[in-house]
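# Inside the fold
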Amino acid sequence: MELEVRHLRVVCAVADHGSLNRAAAALGISQPALTRQVQRLERALGGPLFTRDGNGTTLTALGSYVLSRARAVLPAMDELNSGAAHHASGTPARLHYGAVLGPLAAGLLPALRELRPDAEIRFRTEQSNALLVDLLAGRRLELAALLEFPGYETELRAGVLRHVVATEPVFVLLPETHPAVGLEAVPLAELADEEWALEPPDDNRFREYFTLACHDAGFPPKVGYEAEAGSYTDLISSGQAIGLGQATFRRHAGVVVRPLAGDPMWASHVLVWQNHGPLAAVAGELVAAAERVYRTAVDRSPVYLDWLAAMGESERR
């Protein structure tokens, strides 16, 4: 069996997602079909590319070698295909933008289209900072927006630049009937007996950051619910749990946003891009646009505006 581009994409997908199930979903094929492809590829290459256990997949030494070569080859093939199509038919170039959910996600798309009117913009959201950075380094993205936490910043690859757009406090999300709604700022220790709803743990290590903050406040948190953003806001609005949100959290029926006293947790909105990629020439304008998008999100967040006013805006870094 001769190696083809599709085989290299399989290796990258499994490595990026750390699981055959998640990689199969991303590739749009069934998990058994992907497993068969990986097995045929391993037989052709003479050894296993991944070890598999209950936690997912891990690259072997051979797998790491193949992955590094695939990441070198695929961007050139993608550029060749895109460039050939552009020159042959006049179709626009493509720019790929990925983001963790937040104000910079969809909010930056209009500015990106304005800065590159010649390009077709493709957008995707992910929970994983590391995956977005890997996709960026592998030239499968040209731009990404991350959400990072102090002490847990994402390790960047060579050729990837970063800019911190803003750093903000993490706020608590409460059901509108919760007794702490009447407080201007809620002490974290007052929430020791609460049931928390959080997004599932990911490589941004927010769960670790949150747990340490709770321990500093004198209690181990009880995380009774792990759910994606839409589901956990439903859990909060129905009074079953409390949660955490960005300071620019958009209003949700039945959910009240309050600052945490003493601001025990912070988050940074970060933009990353390829140093020599197609957006390098407009990086300054892109950063300025991201800062405007963030400011717009702040202006529609009354609780955050009140917090900033109380702090004289000196704390928004």
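To be clear, the structure that these remarks concern was listed above.
Now for a look at the structure at hand. Think of each chain on its own: its residues are numbered from 1, step by step along the sequence as written. Local features in this predicted model are restricted to residues whose pLDDT is 70 or higher, and side-chain atom pairs enter the listing and the counts only when it is 80 or higher, whereas totals over whole chains, interfaces and linings include all residues. The side-chain quantities take in all heavy atoms of the structure and omit both hydrogens and water.

The next thing to look at is helix α2 (residues 20-27). Two residues of an α-helix separated by three or four positions point the same way, owing to the 3.6 residues in each turn. Relative accessibility thresholds used throughout: buried, under 20% of the residue-type maximum; exposed, over 50%; partly exposed, between the two (1.4 Å probe, protein chains only). Under the DSSP-based scheme used, a helix requires at least four consecutive residues in state H or I and a strand at least two consecutive residues in state E, with every element numbered from the N terminus. All of the buried residues in α2 are Leu-20, Ala-23 and Ala-24. Angular distribution of buried residues about the axis of α2 spans 100 degrees; they occupy a single face of the element. Counted as exposed and oriented over 90 degrees from the buried face of α2: Asn-21 and Ala-25. Contacts are residue-level and defined by heavy atoms, with any inter-residue pair within 4.5 Å sufficient. Its buried side turned inward, α2 meets α1 (5-17), α3 (31-45), β1 (50-53) and β2 (56-59). Side-chain atoms alone can form a polar contact between residues adjacent in sequence; in general such a contact is a pair of N or O atoms within 3.5 Å, and within protein one must be able to donate a hydrogen while the other accepts it. By the N-cap criterion, in which a side-chain oxygen at the helix start approaches the backbone nitrogen of a residue two or three places on, α2 is capped by Ser-19, the distance to Asn-21 being 3.2 Å. Looking one or two residues past α2, Gly-28 carries a phi angle of roughly 75 degrees, positive in sign. Note: the arc covers the axis-to-C-beta directions of the helix.

We now examine the packing of α1 against α3. Where α1 meets α3, the axes come as close as 11 Å, and the angle between the chain directions of the two elements is 110 degrees. On the basis of the axis angle, α1 is roughly perpendicular to α3. The two elements α1 and α3 meet at a crossing, and its hand is left-handed. Judged by residue contacts, Arg-6, His-7, Val-10, Val-11 and Val-14 of α1 engage Leu-34, Gln-37, Val-38 and Leu-41 from α3. Axes, fitted as lines to C-alpha atoms, cover a helix only where it is in contact. Angles between the N-to-C directions of the axes lie from 0 to 180 degrees. Working rule for angles: under 35 degrees goes down as roughly parallel, over 145 as roughly antiparallel, 65 to 115 as roughly perpendicular, anything else as oblique. Each crossing gets its handedness from the near helix: less than a right angle anticlockwise from the far helix is left-handed, clockwise is right-handed.

What follows deals with the nonpolar core. Residue types Ala, Val, Leu, Ile, Met, Phe, Trp, Tyr and Cys, when buried and joined through side-chain atoms within 4.5 Å, form a set referred to as a nonpolar core. Judged by nonpolar contacts, the single largest core of 80 residues is most densely connected at Leu-108, Leu-244 and Leu-271. Per-element accounting of this core gives the leading share, 8 residues, to helix α9 (residues 283-299). If you look at the next biggest cluster of nonpolar residues, it comprises 18 residues, including Cys-12, Val-14, Val-38 and Leu-49.

Paired strands are those between which DSSP finds at least two bridges. As paired strands, strand β3 (residues 93-99) and strand β4 (residues 119-125) are joined by 7 bridges and run parallel to one another. Opposite Tyr-97, over in β4, you have Phe-123 as the bridge partner. Taken together, β3, helix α5 (residues 109-115) and β4 form a β-α-β motif whose crossover is right-handed. Summarising the sheet, β3 and strand β5 (residues 143-148) pair through 3 bridges and their orientation is parallel. Along β5, the bridge assignment pairs Tyr-97 with Leu-143. If the strands point away from the viewer and the path from the first strand over the helix to the second runs clockwise, then the crossover is right-handed.

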